[in-house]
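Take a look at the letters that make up each chain.
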Amino acid sequence: MTSLTVRSAGWRRPMAYLGGAVLLLGGLIVLLPEGIGAFPPEWDIGFGPAVNEVQQWWISNRRDLGVYLFFFDPLSDSIDWLLRAFENLLMAIPWYVHVAGVGVVFGRWLGRAGGLAAGAGMLYFVALGLWEQSVQTFSLMTVAVALAVAIGVPVGILAARSDWVFRGLRPVLDSMQTLPAFVYLIPVLLFFGVARVPSLIATVIYALPPVIRLTNLGIRQVPTESLEAGLMFGSTSGQLLRKVQLPQAVPSILAGVNQTIMMALSIVVIAAMIGAGGLGQEVLLALRHQEVGRAVEAGMAIVLMAVMLDRFSHSLVGQGRMGGAHHTEGLRYRYWWVAGGVLAALAIAGWTIGWTDYPTALQFSYAAPIDGAVDWARDNLYQLGNLPVGTGPFSDFLTTYGTRPMRLYLSEEAWPVVVLFFGFVAWWASGKKLLLGSVVGTVVIGLLGMWTLTMDTLSQTVVAVLMAIVIGLPLGVAASRRDWLERGMRPVLDTLQTIPSFCFLVPVVILFNVGRIPGIIASVLYAIPPVIRLTNLGIRSVDSEIVEASESFGVTRRQKLWKIQLPLAMPTVLAGINQTVMLVLAMVVIAGLVGGAGLGLEAVKGLARSDTGLGFEAGASIVILAMILDRITQGWAARFQPPSSDRG
Amino acid sequence: MADSEEHSNSPSDRPILASGVWKVFGKRVADAMAMARDKVDQSEILAKSGCVVAVQDATFEVNWGEIFVVMGLSGSGKSTLIRCLSRLVDATAGRIVINGQDLGEMPELELRELRRHTISMVFQNYGLFPHRRVIDNVAFGLEVRGATKEDRYQKAEEMIELVGLDGWASNYPEQLSGGMKQRVGLARALAVDPEILLFDEPFSALDPLIRRDMQDELLGLQERLRCTMVFITHDFSEALKLGDRIAIMRSGAIVQVGTPEEIVAHPADDYVRDFTIDVPRHKVLSAGTVMAGVSPDMVLEGEPVAVSARLDAILPRLLTEGRPVPVVDERGERCGVLEPAVVSRYLWRQ
Ligand SMILES: Nc1ncnc2c1ncn2[C@@H]1O[C@H](COP(=O)(O)OP(=O)(O)OP(=O)(O)O)[C@@H](O)[C@H]1O
Ligand SMILES: [Mg+2]
């Protein structure tokens, strides 16, 4: 029971700090003279224009720069060549061979139903006339993932073999994972401009961390005895790596590849902003023209691709784990030989009779009914008659009582108060170092001239996070008490987590029109799974002995929840909230595209107008904001962690 | 494989010689060693210097073809010691000589050759490669040193048969029981024809009955192969059963080295004596150890017994006849006498 007392002390102290913060804030507001408002615009250090000048110089001199002539250009040309070759190859194969081929592979690994579903999925791409875009997206993804693996596995191996490399790499990987995908586009843009290769490079960089992490982890997790056995037979270090470490790390590496694929897919739409083309561009254009039906069609195609690739790479992980152990070799290969032969025959037949394209007559679209539904929804769901019910009044309510006052307060109230408040929260969450970091960070945001925009984004983030917690926490608690609810929720949460962030915007725009509110709603949907999941997990993993002990004192259910389960589950719940905050931020930034305003919109403007400087300023502010929020929520979670002596 | 007759067992020709071996984990090595020399106990050294003195000043030698058992409680440094013998762990101080070569000064390449041809090891948790079939596990040592696929599979098949796993060659380790896994570990170690075999608690993870089978099998193998074995265990009865000689470790130091009989008959201190309490002494002690001296003119009746005879064979006679029994040496000459009173003192000491 000692752990209980320790923890409830940890629970009360933050409350005292919070009280202190409120008092401090009140005091500051009273004491500061009138007239100190938003961060003074004349303190803008003009970082953006400077970046633009560098870029100008870069562009006008790039023909003479060695890095371009001998490195970037050849690199970019060969990647481009690879991409095109792969794309042409895929396009040359008749569509029905693709459908059947994917069905065959999935059928083998995931059973007959899996094969049929996958074939149907492939049919979707062709039948909706999205074939070319799908092939583009798929090729870009494949090449990006292949590059990420080609870079990530060796780096992961290095990290596993040298603690020194690992220590250097870890903070980099950590911060890479907290940054919204958006941010990666901006520096790439500076060096490469808008085209497919830069978008591919951004994808590779964004998707790289999981392979590195999990390769490193997989190798480090090889049991010591296994290593010692390898060494004792006199393996050279190369033999040890090839024969002992790598084979045992395969499942972990494949799990990393799975995550990498999902990450690469999740930035498909964003990468389209700098010229990735494909399905992402389709969604982007459709959204710009407010053609919701078309956006849904392409968005669904991305979701489909995500789900299929996820299943596929998951089953790869399974295959890796079995090590192909349980099939006898002959049987294993015969299936593939036969299937491959039939498919090749089909392809050749198609080429000879010249029937390779999907017949236009059979094409299919459900954009029109959706557009109809959207119009209907706009006319009818927006407001029910004159009643204050519907999405319109709901957004108005959220705007009036949530985002607007918060935004106005944050951006127009005296800026030192905001800086100090941030500093205080940071100090309370983790100590002096973070206090300093967040004060410097917020001031830098001001100096970049992004104060008002950042406060706008921050206010949206706060409102969305609060909503996610208010909805997610009770759902998590409920799920922890009812197995059927947990089981029912799991596939929903799984799906929410596989859908690329951008696709959330589409349905939300249908219902809520454009503006800040749809962005917030999309963020809540996108970011809610971790709170629900981890609340459920945290409560379920409370030591049953402690719960029984409390029951023996005759607590009510409510007392049990508030006095025992929630406090003990707090570290886990807070870890969930940390993830939620980061997801919300990533989404709020993207929502700039549907009128979300704030930093996201500014970054998009920068990208769209080739005002890289502006993009840089907005991007840097996003990075700073993300880092501060991440560290604060992590520090907060760490506070609730029981002291380590208590853990054993 | 080594034949004990080929070797003289002179000091320069011992398979393993260890003198003054230390292993200290941590940074302030010198402080920790100084404290250990002053008999400060381990937990205090850890608190003061942050170092763990896992092995301190270990000196012993292993003879050709014997099973040398290292026995001690958990955490007494046995694993660390045996890992020093193959340089899986670098000793902090001291000298280890394998086959006349100084291990500490051996360059990487020679060390690798030594491990490829001379020393093999069997691990507590088997240390099998889960991604390789049984046969590929067994053939690993040969593969690493560059044998052709044909050669190594042939040898591996032989070894698999030797340990009684015929028919399991193409299974994966996870499909085997614990006892079978350790047979694979053994076959893998034997496949490279080592002169020296190191065992780090190989049978600790096995059920008692299977453990007994494996012990018997190991003794059988030793009869046939005659290689030098260093065997680690925390089980004193296992040590008695397998060991030609036993070293007893406590907190990193070797407190006594001797034959099972010497240790049971004359434990060096209370720590060692504690282990011997539950030992059925009549199965360990021999006539030579417990006999009393005899004057040439003493008249003794009855059939004499050999010095090497175990007490459990003599006791029934001693108890029923109730009078002293003469003991004769290898040449048949009388060298002592078994007095019931003296014998009972050995058997029921304490
Ligand atoms: N790599 C290491 N770093 C630090 N301390 C270690 C390391 N390896 C072993 N030790 C410490 O050295 C001491 C001896 O450990 P060792 O594993 O040799 O004991 P053991 O006799 O084999 O015990 P067991 O019967 O449990 O296997 C222990 O206190 C252990 O904590
Ligand atoms: Mg050990």
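Residues numbered from 1 in each chain as written. Chains lettered and ligands numbered in written order. Predicted model: local features only at pLDDT ≥ 70, side-chain atom pairs only at ≥ 80, totals over all residues. Heavy atoms only, no water.

Colleague: Would you take a moment to explain the overall build of chain B for this structure?
Modeller: When helices and strands are tallied, chain B shows 16 helices and 13 strands. Dimensions along the principal axes, computed over C-alpha positions, put chain B at roughly 70 × 55 × 40 Å. Within chain B, buried positions represent 51% of all 350 residues. Put simply, of all contacts in chain B between residues at least 6 apart along the chain, 66% involve residues at least 24 apart. Surface exposure of chain B reaches about 15900 Å², of which carbon and sulfur atoms provide 48%. Each charge class in chain B can be summarised by its mean position, and for the 40 positive and 53 negative side chains these summaries are 5 Å apart. (Helix = DSSP H or I, 4+ residues; strand = E, 2+ residues; numbered from the N terminus. Buried < 20%, exposed > 50% of the residue type's maximum accessible area, 1.4 Å probe, protein only. Contact = heavy atoms within 4.5 Å. Areas by Shrake-Rupley, 256 points an atom, 1.4 Å probe, with all protein chains shown as cover. Lys, Arg positive; Asp, Glu negative; His and termini not counted. Charge placed at Lys NZ, Arg CZ, Asp CG, Glu CD.)

Colleague: Would you mind going over a negative patch on the surface with me for this structure?
Modeller: All names here are of chain B. Taken together, the side chains of Glu157, Glu158, Glu161 and Asp166 present a region of like negative charge at the surface. Relative to the assigned elements, Glu161 resides in helix α7 (residues 149–162). Judged by relative accessible area, which is 53%, Glu161 ranks as exposed. (Patch = residues over 30% accessible without salt bridge, like charges linked within 9 Å, V, L, I, M, F, W, Y side chains within 5 Å. Salt bridge = Lys/Arg side-chain N within 4 Å of Asp/Glu carboxyl O.)

Colleague: Sorry if this is basic, but what is going on with unusual backbone geometry here?
Modeller: Glycine aside, residues mostly have negative phi, and peptide bonds are mostly found in the trans state. Residues and elements named next belong to chain B. Although it is not a glycine, Asp57 sits at a positive phi angle of roughly 50°. Among the structural elements, Asp57 can be located in strand β2 (residues 52–62). Looking at Asp57, the relative accessible area reads 46%, which means it is partly exposed. Non-glycine residue Glu201 carries a positive phi angle of around 40°. Turning to its location among the elements, Glu201 is positioned in the loop between β7 (196–200) and α9 (208–225). We classify Glu201 as buried; its relative accessible area is 6%.

Colleague: What is the right way to look at the environment of Arg161 of chain A in this model?
Modeller: Residues and elements named next belong to chain A. By the secondary structure assignment, Arg161 is in helix α5 (residues 131–161). C-alpha of Arg161 to C-alpha of Thr535: the two residues are 374 residues apart in sequence and 37 Å apart in space. If we skip the residues at most four places from it in the chain, Arg161 touches Ser237, Leu241 and Gln245. Within the local environment of Arg161, its side chain forms a polar contact with the backbone oxygen of Ser237, the two atoms lying 3.1 Å apart. (Polar contact = N/O pair within 3.5 Å; in protein donor to acceptor, adjacent residues only side chain to side chain.)

Colleague: Where do I start with the site of ligand 1 in this structure?
Modeller: All names here are of chain B. With respect to spatial proximity, the complete set of residues near ligand 1 consists of Phe25, Val52, Ala54, Leu73, Ser74, Gly75, Ser76, Gly77, Lys78, Ser79, Thr80 and Glu201. One of the backbone nitrogen or oxygen atoms of Gly77 is found 3.0 Å away from an oxygen atom of ligand 1. Out of a free accessible area of 630 Å², ligand 1 has 59% covered by protein chains. Listed by contribution, the elements that provide at least two residues to the shell around ligand 1 are β2 and α3 (78–85). In terms of residue count, the dominant contributor to the shell around ligand 1 is α3 (three residues). (Near = heavy atom within 4 Å.)

Colleague: Please clarify how the packing of helix α16 (residues 391–412) of chain A against helix α19 (residues 451–481) of chain A should be interpreted in this entry.
Modeller: Helix-helix packing is characterised by the crossing angle of the two axes and by the distance between the axes. All names here are of chain A. At a minimum axis distance of 9 Å, the contact between α16 and α19 shows a crossing angle of 135°. When the axes of α16 and α19 are compared, the pair comes out oblique. Where α16 crosses over α19, the two elements pack in a sense that is right-handed. Of the residues in α19, those in contact with Phe394, Leu398, Gly402, Thr403, Met406, Arg407, Leu410 and Ser411 of α16 are Trp451, Thr452, Met455, Asp456, Leu458, Ser459, Val462, Val463 and Met467. Each residue belonging to the contact of α16 with α19 can be placed in one class, and the counts come to ten nonpolar, five polar and two charged. (Axes fitted to C-alpha atoms, helices over the stretch in contact; angles between N-to-C directions. Parallel < 35°, antiparallel > 145°, perpendicular 65-115°, else oblique. Left-handed = near helix turned anticlockwise from the far one by under 90°. Nonpolar A, V, L, I, M, F, W, Y, C, P; charged D, E, K, R; others polar.)

Colleague: How should I be thinking about the layout of surface pockets in this particular structure?
Modeller: All names here are of chain A. The volume enclosed by the largest pocket comes to roughly 1600 Å³. Lining of the largest pocket is provided by 45 residues; of these, Met263, Gln497, Tyr526, Gln579 and Leu583 occupy positions nearest its centre. Of all elements in the fold, only α6 (163–178), α8 (196–220), α10 (237–266), α13 (292–322), α20 (483–498), α22 (516–540), α24 (557–590) and α26 (612–640) reach the threshold of two or more residues within the lining of the largest pocket. The dominant element in the lining of the largest pocket, judged by the number of residues it contributes, is α24, at seven residues. Looking at the lining of the largest pocket residue by residue, the classes come out as 24 nonpolar, 13 polar and eight charged. Counting residues domain by domain, the lining of the largest pocket receives three or more from each of domain 1 (137–311) and domain 2 (392–643). (1 Å grid on protein atoms, 1.4 Å probe; cavity = no way out; pocket = protein on both sides within 12 Å on 5 of 7 lines; lining within 4 Å. Points joined across faces, edges and corners; volume = space filled by probe spheres on them. Domains from an automatic or database assignment.)

Colleague: Looking at this model, I keep getting lost on the interface of chain A and chain B. Mind explaining?
Modeller: Accessible area lost during the coming together of the parts is what is often quoted as the interface size. Contact residues are listed per partner, giving 19 residues for chain A and 30 residues for chain B. Both faces combined, the contact of chain A with chain B buries some 2000 Å², and carbon together with sulfur accounts for 61% of it. If you sort the residues of chain A by the area they bury against chain B, Glu225, Met232 and Phe233 of chain A come out on top, with a joint share of 40%. Residues Glu228 of chain A and Arg83 of chain B are paired through a salt bridge, measuring 2.6 Å at the closest nitrogen-oxygen approach. The tally of links between chain A and chain B comes to ten residue pairs in polar contact (both at pLDDT 80 or more). (Buried area = accessible area lost by both parts, 1.4 Å probe.)

Colleague: Before we go on, may I ask you to explain the sheet that holds strand β3 (residues 67–72) of chain B in this structure?
Modeller: Within a sheet, each strand pairs with its neighbour through backbone hydrogen bonds, oriented either parallel or antiparallel. Residue and element names in this part refer to chain B. Strands sit in the order β6-β7-β8-β3-β9-β10 across an open sheet of six strands; the sheet is mixed. Of all the strands in the sheet, the pair left with one neighbour each is β6 (119–122) and β10 (253–258). The sheet shows a mean angle of 20° between the axes of neighbouring strands, taken without regard to direction. As paired elements, β3 and strand β9 (residues 245–250) share five bridges and run parallel to each other. Residue pairing in the sheet places Val70 in a bridge with Ala247 of β9. (Pairing = 2+ DSSP bridges.)

Colleague: Help me understand the pairing of β10 of chain B in this model?
Modeller: Look at any regular strand and the pattern is simple: side chains alternate between the two faces of the sheet. Residue and element names in this part refer to chain B. Sheet topology places β9 next to β10; five bridges connect them, and they run antiparallel. Within β10, the residue paired with Arg250 across the bridge is Ala253. Here β9 folds back onto β10 in antiparallel fashion, the turn holding two residues, of which Ser251 has a positive phi close to 45°.

Colleague: Is there a simple way to think about empty space enclosed by the protein in this case?
Modeller: To find leftover empty space, one rolls a probe the size of a water molecule over the atoms. Residues and elements named next belong to chain A. Overall, the coordinates contain one cavity of 30 Å³ or more when judged by the stated rule. Taken together, Gln136, Thr137, Leu140, Val268, Ala271, Ala276, Gly277 and Gly278 make up the lining of the largest cavity. Secondary-structure elements contributing two or more residues to the lining of the largest cavity are α5 and α11 (268–272). Considering every element that reaches the lining of the largest cavity, the biggest residue donor is α5, with three residues. Looking at the lining of the largest cavity, its residues break down into four nonpolar, four polar and no charged.

Colleague: Any chance you could explain the domain arrangement of chain B here in plain terms?
Modeller: Residue and element names in this part refer to chain B. We note that the domain assignment places domain 1 (2–118 + 194–279) and domain 2 (283–347) within chain B. Each side of the interface is counted separately: domain 1 has seven residues, and domain 2 has six residues. Roughly 450 Å² of surface becomes buried between domain 1 and domain 2 when both sides are summed, with 69% attributable to carbon and sulfur atoms. The greatest single-element share of the side of domain 1 that touches domain 2, amounting to four residues, is contributed by helix α11 (residues 260–265). Per-class residue counts for the side of domain 1 that touches domain 2 are five nonpolar, one polar and one charged.

Colleague: Explanation requested: the domain arrangement of chain A in the structure shown.
Modeller: Residues and elements named next belong to chain A. Annotation of chain A at the domain level lists domain 1 (137–311) and domain 2 (392–643). Put simply, the middle of domain 1 and the middle of domain 2, counted by C-alpha atoms, are 25 Å apart. Opposite the 30 residues of domain 1 that make contact, domain 2 presents 27 residues. Buried area between domain 1 and domain 2, summed over both chains or domains, comes out near 2500 Å², and the portion from carbon and sulfur atoms is 88%. The largest contributions to the domain 1 side of the interface with domain 2 come from Thr178, Phe182 and Ile186, which together make up 24% of the buried area. Remark: the boundary between domain 1 and domain 2 carries zero salt bridges. One can count zero residue pairs in polar contact (both at pLDDT 80 or more) joining domain 1 with domain 2. With eight residues, α13 is the single largest residue contributor to the side of domain 1 that touches domain 2. A class-by-class count of the residues in the side of domain 1 that touches domain 2 yields 24 nonpolar, five polar and one charged.

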